[in-house]
Structures are given as C-alpha cells and as structure tokens.
Amino acid sequence: MSDEAGEVHETWNSRWTFIMAATGSAVGLGNIWKFPYIAGENGGGAFVLVYLACILTIGIPVMIAEVLMGRWGRSSPVHTMYKLVDDIKAPRIWHGIGWMGVAAGIIILSYYSVIAGWAIHYLIQMISGNIQGIDGQGASDLFAAMLASPATMISFHTVFMLMTMFVVIAGVTKGLGKAVRILMPLLMVMLIVLLLFSIGVGDFPAAVKYLFAVDFSSLSGSAILTALGHAFFTLSLGMGAIMVYGSYMPAHAPIGKTVLTVAGLDTLVALMAGLAIFPIVFANEAIAPGEGPGLLFVSLPIAFGNMPGGFVFGFVFFALITVAAWSSSISLVEPAVAWLVETKKATRLQSGIIFGLLCWLLGLGTVLSFGAWEDIRLLGLNFFEFADFLTANIMLPLGGLLMAVFVGWKMHKEIVRRELDIDSDFIFKLWRWILRVFSPVAILWVTMEGLSHIFGWPWLSVLSWFG
Ligand code: TRP
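What comes next is a walk through the structure. (Residues numbered from 1 in each chain as written. Predicted model: local features only at pLDDT ≥ 70, side-chain atom pairs only at ≥ 80, totals over all residues. Heavy atoms only, no water.)

**Quick notes on the site of the ligand**
Every one of the 17 residues lining the ligand counts as a neighbour, but A26, G30, Y112, F233 and S236 are closest to it. Within the complex, 100% of the 360 Å² of free accessible area of the ligand lies under protein. For the shell around the ligand, the secondary structure elements donating two or more residues are α2 (15-26), α3 (29-41), α6 (96-128), α11 (221-234) and α15 (310-342). Considered class by class, the residues forming the shell around the ligand number nine nonpolar, eight polar and no charged. (Near = heavy atom within 4 Å. Areas by Shrake-Rupley, 256 points an atom, 1.4 Å probe, with all protein chains shown as cover. Helix = DSSP H or I, 4+ residues; strand = E, 2+ residues; numbered from the N terminus. Nonpolar A, V, L, I, M, F, W, Y, C, P; charged D, E, K, R; others polar.)

**Remarks on unusual backbone geometry**
In the Ramachandran plot, S236 falls in the positive-phi region, its phi being about 60° despite a non-glycine side chain. Residue placement: S236 occurs in the loop between α11 and α12 (241-246). The phi torsion at L379 lies on the positive side, around 55°, for a residue other than glycine. In this structure, L379 sits in the loop between α16 (348-369) and α17 (383-410).

**Overview of helix α7 (residues 136-147)**
If you check α7, its first and last C-alpha atoms are 17 Å apart, about what twelve residues at 1.5 Å a residue would give, namely 16 Å. When we look at burial in α7, the residues that qualify are G136, A139, S140, L142, F143, M146 and L147. In a view along the axis of α7, the buried residues occupy a sector of 160°, so they form one face of it. In the core, the buried residues of α7 are packed alongside α6, α8 (150-170) and α14 (295-306). (Expected span 1.5 Å × (residues − 1). Buried < 20%, exposed > 50% of the residue type's maximum accessible area, 1.4 Å probe, protein only. Arc of directions from axis to C-beta. Contact = heavy atoms within 4.5 Å.)

**Things to note about the packing of aromatic side chains**
By the definition in use, this model includes 26 aromatic pairs. Consider the rings of Y112 and F233, whose centres lie 6.3 Å apart with planes at 45°: the pair is tilted. Of the two residues, Y112 sits in helix α6 while F233 sits in helix α11, which places them 121 residues apart along the sequence. Judged by relative accessible area, Y112 falls into the buried class, the value being 3%. When the ring of Y210 is compared with that of F278, the centres are 5.3 Å apart and the planes differ by 40°; the resulting orientation is tilted. Note that Y210 is positioned in helix α10 (residues 204-212) and F278 in helix α13 (residues 255-283), a separation of 68 residues in sequence. Among the aromatic side chains, those forming a connected cluster through ring pairs are W33, Y37, Y111, W118, Y122, F143, F297, F304, F317, F318, F370 and F384. (Phe/Tyr/Trp six-rings, centres within 6.5 Å; stacked < 30°, edge-to-face > 60°.)

Here it is in structure tokens:
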C-alpha cells in the first residue's frame, strides 16, 4: 500500500470509524426484515444454525479477504480489481469481480428501496393512529391494503431513492456516519424494548424453540443455499461494498479483530430481531411463521398497537429501520457511482442521477410483483423473488468465492501476511486454509445442492453422486 494512494482517498482516523461505517452498511433490512422472514419460510432452528455456521466459516474469512483487497487497491471495486490484477499479473477475467459487484449492488438496491419505502409508510401509519389497538387480522389487512396500492409503494420507494441519492451525490457520508453512531445504539435499545414487550405478552418460549431447536429433517437444499446467500447479504459481502470501506481503512488497523466486531454486532441485531418478532407471531393465529416478506409488517404493529405509548415507540422504531436501511443503501450504489466518477466520464451528480434512475426503474418491477405482475414468473419466481435470488443466492456467493480464491491462491502470501498483521502464525495459517479450500468448496457445493433442489436437476447434487 503506497503513500501516494493516500492522496486519492483520505483514510479514516480510527478503527472505530471503520467499524461504525461497516456496521452501518451491514446492519439493515437484512437483519430486521429479511432474516426473520426467511427463517420462518425455511422452518427455523436448522436454518438458523446453518446461517450462523456460514457466517463463521465463510462470511468472516471472506470478509477479511474483501477488506484486505480494498485496503490494498484503495479505490472503487472496479479499479481496485484493475490494480490488483495488474500488480500480480493475473488474467483480466478477474476484473469480473468488480463488474459483477456493480451489477449486484444496483439490482439489490432496486428492491431494497421498495422495502425501505414500506418502513416509511408504516412510520406514517404509526402517527396517523391506524395501528391503535390493532389485532392480527387488522394488521394483515393493513399490509394487504398497502400491497394493493402500487401508488403508495411507488411514492415511498421514490422518497427512499431520493434520500439515498442525496447522500451519495453530496458525499456527506461523514454526516450520516456520525448520525449512525448515535442511531445504531438507539436501534439496539428499541430492540430491547420490543424484546421485553414480546417476552411479556407474546409466546416467547415458542419463539426460542422455533429459532434454536434444530431439526435437520426440515432442511432442504434450497434452505441451505438461502442461508449461505443471507450470510453474504447481511454482511454486505461479495459485491465490493466492504472493499470500498476497506480502502479507507488505516494501514495499521488490525483487519481480523475489526471484522469480528462487525460480524458480531450484525449477528446480534438479527437474532434480537428474530426474538422480538416470533413471540408475537406465535401468539397470533392470523400470522404464520412462513408469512413471507410481510412478516415484520404484520407482526410488529400488533405489539406497537397494544403497548402503552406504542405509537411513539412504533414511530421511533420504523424511523430507525429507515435509517438503518439508509446507511446500507448507500454502500449498494457507491461502487457503481465511484466507478463512473473515476473514469472521469461523469460528475458525481451525473453518476448519482444515472444510477438512481436505473435503480428506481428496476424497483418498479418489485412493486408490481406484489400486485399486477404477481403471476409473471421466471423459473417459478416473480420479479422481486428473482432479483433477490439472483443477487443474494448466486451473485454474492460467486463474488465471495472469487475473492477467496483470488486472495487465497493468487495474491502473494507474504503480502497478505504483512497486510493482515496477525501475531499468531497458527491463526494466519488456519484462516488462509479456510479461505483457500474450505470456503470455495463449501460455496460451490451449497450452490450446486441448492440449484439442483430448486430446479429439479438431480445431476447437480453432489449428495446424489454418492447415494
Ligand atoms: N447488509 C445490508 C443489510 O443487511 C444490505 C447491504 C448493504 C448489502 N450493502 C450491501 C448486501 C452489499 C449485499 C451487498 O440490510
């Protein structure tokens, strides 16, 4: 890492700034909205265990690799890959890591923004009093009414895209970074309030049993692939977002410990969200764990509608979800915007507008997939499901696989070792072998089992080769 690189991007003053920024990116809708509903769709316990195992054995090692690549390359993912490939004279095909990341970020943001729009809509529902005293049926009806109104969803999708583009164009990530430093702990406090409420009035034992009692017989190939994909999604991994943050990291900050902190906080928030939501789900006949993307939005209003001061808590909670989504969404387009700016073909304003419009347009497909386009399906998936499947379950794991192979097999061992600055020889070797062998093989295998299960291609299933 050369000194002149420092002139392009200033580095952050402390490790904590990186931790806050990366946590801001990692903690978002993935933890609070997506994790509970996919855990519910995939039967709970066994899925949760596989997800945790994926975080530990694949997510963390690959995240260390991604931060390291960013710190070495010190620019946007596309140009970082150009530089790294140049440095070690690797074939140009490796540039694909950067390009695929740009594409994945745009597709993810398109639907991410629609869901964040739901949170803004609910924030307003809270103050308008529509939630007061609501029961399970009422909450389901309220959600259905939102889905039946594309105009509502498009309006709030537009609001959220404008918020995201504002920060990206103004480059005020520093301001948002400071805000996140206060709002993230507040989010934790709110989750604790919600958790206490759920323990009090919901069916907490049923929720604990559901999330942590492991029954492997309920686990399918597609559930394992979803768990792997979510490990990448929730850590913002495999598309260059973490690379961008890594590029701002001071040269001597310890990457390993920093990554462990971010992954730990991220996992904590997801588990807390699950423990807050499922007691309410199990206490209400009208809501099923496998409810789908609406799970958060049909369960939490019941809590807020019936607790003292619920409408204030509810308002604050949905505001915090919006902010958490906001600090994540920025990292989804930043690789694209930074790339275009670096080519000097467009200003920051122009790139922001171009990619903002693109994401907004794509987002309309997600809006419609909850209504008029519900039956337009590719491989059995509607627009939203397809965008989510393609990015989270295919592109991110593939990006992660390539990063693992690149850092593990292509980059010079001594450079990697110096960059990581790990005292223990054993830990370094362990990490490197996990990255070289375990992570790539596990990603490939899980993806093959998943695809074979989902599309009914038995020849792709490694298990079937032996059975
Ligand atoms: N991790 C975020 C969440 O859990 C979403 C996100 C932000 C993301 N940046 C990303 C996902 C990059 C994948 C890649 O809500």
